[in-house]
Amino acid sequence: MPRFRGILDELPAYRPGKAVVAPDGRSFKLSSNESPYDPLPPVVEAVAAAAREIHRYPDPACTRLTEALAERYGVPQEHVALGAGSVTVAQQLLETVGEPGAEVVYAWRSFEAYPLLADLAGVTSVRVPLAEETHDLEAMAAAVTPRTRLVFVCNPNNPTGTVNRTDELVAFLDTVPQDVLVVLDEAYHEYVRDAGVPDGLRLYADRPNVAVLRTFSKAYGLAGLRVGYLIGHPPVAEAVRKTMVPFAVNALAQAAAVASLAAEEQLLERVEAVVKERTRVRDGLLAQGWAVPPTEANFVWLRLGERTMAFAERCAADGVAVRPFAGEGARVSIGSPEANDALLSAAEDFRNG
Ligand code: PMP
């Protein structure tokens with residue numbers, strides 16, 4: 001029997017969203033915050049063209065994509081580091097700080113992968129409870145100790161969709177010691193419409209210990225290809241590059257991401273449609289009597305407590321897959337209008353039933 005690290009017995013499970021199918025064949029996957037749209041033709045064409053070269057290794061430096069991102073955001077290329085999904089970049093960041101006794105501070109509940117990645121990297125998780133479904137930045141600042149090496153601030157927060165605004169975030173960043181890396185996880189940034197929510201790229205610029213994490217999986221619709229990136233000062237970006245498994249970002253993913261930036265206008269129109277649907281879904285749920293926190297992401301959060309699993313089952317009966325967190329609540333992605341209608345109808349039925 002091979003001997004594994006003891007931590008493997010205790011790792012928290014990452015439960016990916018699964019599709020469900022109703023008896024009548026309907027299936028709406030609202031459990032993984034994906035884009036509901038098919039890929040754009042130029043993106044599919046770029047992938048097909050890249051497929052003709054798959055007997056070659058990909059460009060390990062992701063040169064074209066790095067250039068495209070640097071140009072898009074007006075940052076130096078040395079500030080950009082790519083990874084196979086932003087979750088992998090988060091893992092690499094934890095590995096860069098992972099030494100005995102190191103602590104990572106994050107809000108809870110937040111992105112499910114943080115505790116898993118922290119355990120894997122041998123970094124102790126310090127979870128700070130949300131206050132009114134939102135990061136409690138004062139409590140998070142108080143949780144920072146001399147052992148803290150990393151802080152994740154998920155803005156908007158997964159799974160609540162709530163945000164922290166500029167003033168409180170700046171005040172927070174000003175109190176965190178300079179030798180602690182603060183990662184602003186902005187996986188859902190493109191869906192934000194609240195003008196009070198900062199663009200992390202403005203906050204990191206004059207703060208060497210702050211970096212921004214973004215992804216092509218959500219607004220850009222490339223979840224299946226796995227591309228994410230960090231924008232931070234050169235030592236941070238360099239640390240991510242050093243900890244990347246060679247060739248982690250494959251050639252199809254690089255080509256698709258470059259093509260997506262070129263087709264950004266169309267992709268952001270789709271984001272706008274999702275934002276409109278988000279308002280319709282939340283208003284519909286509020287009208288049914290649900291308490292739904294204001295959301296700036298492509299999902300809504302229903303705090304259902306003990307009724308969470310029953311709600312997920314009721315939705316599944318109509319082919320609607322949601323993401324339940326047993327005993328806490330359910331996160332429901334904004335999908336196509338048809339999927340959102342199915343969710344609203346199941347939710348209404350559940351309330352009346
Ligand atoms: N950060 C947050 C807050 C997320 O919700 C997700 C995806 N669920 C990720 C990072 C990772 O996304 P990806 O690895 O697909 O880039």
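Overview of the structure. (Residues numbered from 1 in each chain as written. Predicted model: local features only at pLDDT ≥ 70, side-chain atom pairs only at ≥ 80, totals over all residues. Heavy atoms only, no water.)

Remarks on the pairing of strand S7 (residues 210-215)
Selection rule: Three labels apply to residues, based on accessible area from a 1.4 Å probe with only protein chains included: buried if under 20% of the type maximum, exposed if over 50%, partly exposed otherwise in between. Helix and strand definitions follow DSSP, with helices as H or I runs of at least four residues and strands as E runs of at least two, each counted in order from the N terminus. Two strands make a pair as long as DSSP finds a minimum of two bridges between them.
Of all six residues that make up S7, six are buried, and the element is covered over most of its length. Across four bridges, strand S6 (residues 181-185) lies against S7 in parallel orientation. Looking across to S7, one finds that Asp185 is bridged to Leu213. Where S7 meets strand S8 (residues 228-231), four bridges bridge the pair, whose relative direction is antiparallel.

Digging into the pattern of salt bridges
The test is simple: By salt bridge we mean one thing: a side-chain nitrogen of Lys or Arg within 4 Å of a carboxyl oxygen of Asp or Glu.
Tallied over the full model, the rule gives 20 salt bridges. For the salt bridge of Arg323 with Glu112, the shortest nitrogen-to-oxygen distance reads 3.0 Å. Of the two residues, Arg323 is situated in strand S11 (residues 323-325) and Glu112 in the loop between strand S3 (103-108) and helix H4 (113-121); the sequence distance between them amounts to 211 residues. Owing to a relative accessible area of 7%, Arg323 belongs among the buried residues under this scheme. Between Glu133 and Arg303 there is a salt bridge whose closest N-O contact spans 2.6 Å. Within this pair, whereas Glu133 is found in the loop between strand S4 (124-129) and helix H5 (137-143), its partner Arg303 is found in the loop between strand S9 (299-302) and helix H11 (308-317), the two being separated by 170 residues in sequence.

With respect to the layout of surface pockets
To keep it simple, the criterion reads: Put simply, the grid is 1 Å and covers the protein atoms alone, a cavity is a trapped set of points that fit a 1.4 Å probe, a pocket is an open set with protein on both sides within 12 Å along at least five of seven lines, and lining residues have an atom within 4 Å of a point. Grid points are joined across faces, edges and corners, and a volume is the space filled by probe spheres set on the points. Each residue gets one of three labels, nonpolar for Ala, Val, Leu, Ile, Met, Phe, Trp, Tyr, Cys and Pro, charged for Asp, Glu, Lys and Arg, and polar for the others, Gly among them.
Here the largest pocket defines a volume of roughly 460 Å³. What lines the largest pocket is a set of 26 residues, and nearest its centre among them are Tyr14, Ser32, Phe111, Tyr188 and Lys218. When residues of the lining of the largest pocket are traced back to their parent elements, those giving at least two are helix H3 (86-97) and S11. For the lining of the largest pocket, the class distribution of residues is nine nonpolar, nine polar and eight charged. Its boundaries defined by the atoms lining it, the second largest pocket holds a volume of some 340 Å³. Among the secondary structure elements, those contributing two or more residues to the lining of the second largest pocket are H11, strand S10 (320-321) and S11. By residue number, the principal contributor to the lining of the second largest pocket is H11, which donates four residues. Here the residues of the lining of the second largest pocket are counted per class, giving 11 nonpolar, two polar and five charged.

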